[in-house]
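Close look at the chain arrangement
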Amino acid sequence: MSVILTLLRWNQPLHRCKEFKTEEDLVKEFGRRSGGVSFSEREVRNVARRIVSALSQTCVAEQVAKEWGSLPSMLQRYIMQIGNEGGHSGNVGKGFAYLDQLLGGTIRRAPDTDVTERRLRVYDGVLISERHRIDPARARAQALYANTERPANYDSLSKREKKQIDRELTLARKEMRQQKR
């Protein structure tokens, strides 16, 4: 019998799972055996949401890890899906990571390996920190061809200076092509 599912069935907070270690403890508290705890298909997603929200408490994560094999497969799938979606508080995220660690790294997707860059901007006199994704292919290309880019003030230069810069860049590009061969 699942302590977590029984607590959900009786609408109890999940942190009480540390009070109930066995089925007998549940029988003493609720007065009867609940038999097989089942939820309709419609309720399964809500049950998974409640479980994921309660993962911020380590005792709940440990109990879910202990009962993971006995949970219905649809409930397991929804817990994994909701936990991997994100959008929850930091403590819930840490609890989900802890559950993943207890289960040997089987329920969490690979961490996002996107490269990001921090930009500081001033909006309405307030300094705001932003993160944006950097395209790795574009970053490599910019690094590779950095010596063939026109300077930022290119448009404000005279025709003579522009012509000189274009000649230098053309030579640099030719050298790069010859090195690749």
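Report follows, based on the coordinates. Keep in mind it's a predicted model, so treat the numbers as computed, not measured. (Residues numbered from 1 in each chain as written. Predicted model: local features only at pLDDT ≥ 70, side-chain atom pairs only at ≥ 80, totals over all residues. Heavy atoms only, no water.)

1. So, helix α4 (residues 58-67)
Most of α4 is tucked away, with 7 of its 10 residues classed as buried. Taken residue by residue, α4 has C59, V60, A61, Q63, V64, A65 and E67 as its buried positions. (Buried < 20%, exposed > 50% of the residue type's maximum accessible area, 1.4 Å probe, protein only. Helix = DSSP H or I, 4+ residues; strand = E, 2+ residues; numbered from the N terminus.)

2. Brief notes about the environment of L8
Position of L8 among the secondary structure elements: in helix α1 (residues 3-9). Take L8: its relative accessible area is 7%, and that puts it in the buried class. Expressed as a C-alpha distance, the spacing of L8 and I79, which sit 71 residues apart in the sequence, is 15 Å. Setting aside anything within four residues of it in sequence, one finds L8 in contact with L14, F39, V47, R50 and I51. (Contact = heavy atoms within 4.5 Å.)

3. A word on the pairing of strand β1 (residues 115-123)
Where β1 lies against strand β2 (residues 126-134), 9 bridges are found, and the strand directions are antiparallel. Bridge pairing in β2 places R118 opposite R131. Between β1 and the antiparallel strand that follows it, β2, lie 2 residues; D124 among them carries a positive phi value of about 50 degrees. (Pairing = 2+ DSSP bridges.)

4. Some remarks on the packing of α4 against helix α6 (residues 90-102)
Between α4 and α6, whose axes approach to 9 Å, the crossing angle comes to 35 degrees. Where α4 crosses over α6, the two elements pack in a sense that is right-handed. Contacts between α4 and α6 pair T58, A61, E62, V64 and A65 from the former with G95, Y98, L99 and L102 from the latter. Among the residues forming the contact of α4 with α6, the class breakdown is 6 nonpolar, 2 polar and 1 charged. (Axes fitted to C-alpha atoms, helices over the stretch in contact; angles between N-to-C directions. Left-handed = near helix turned anticlockwise from the far one by under 90°. Nonpolar A, V, L, I, M, F, W, Y, C, P; charged D, E, K, R; others polar.)

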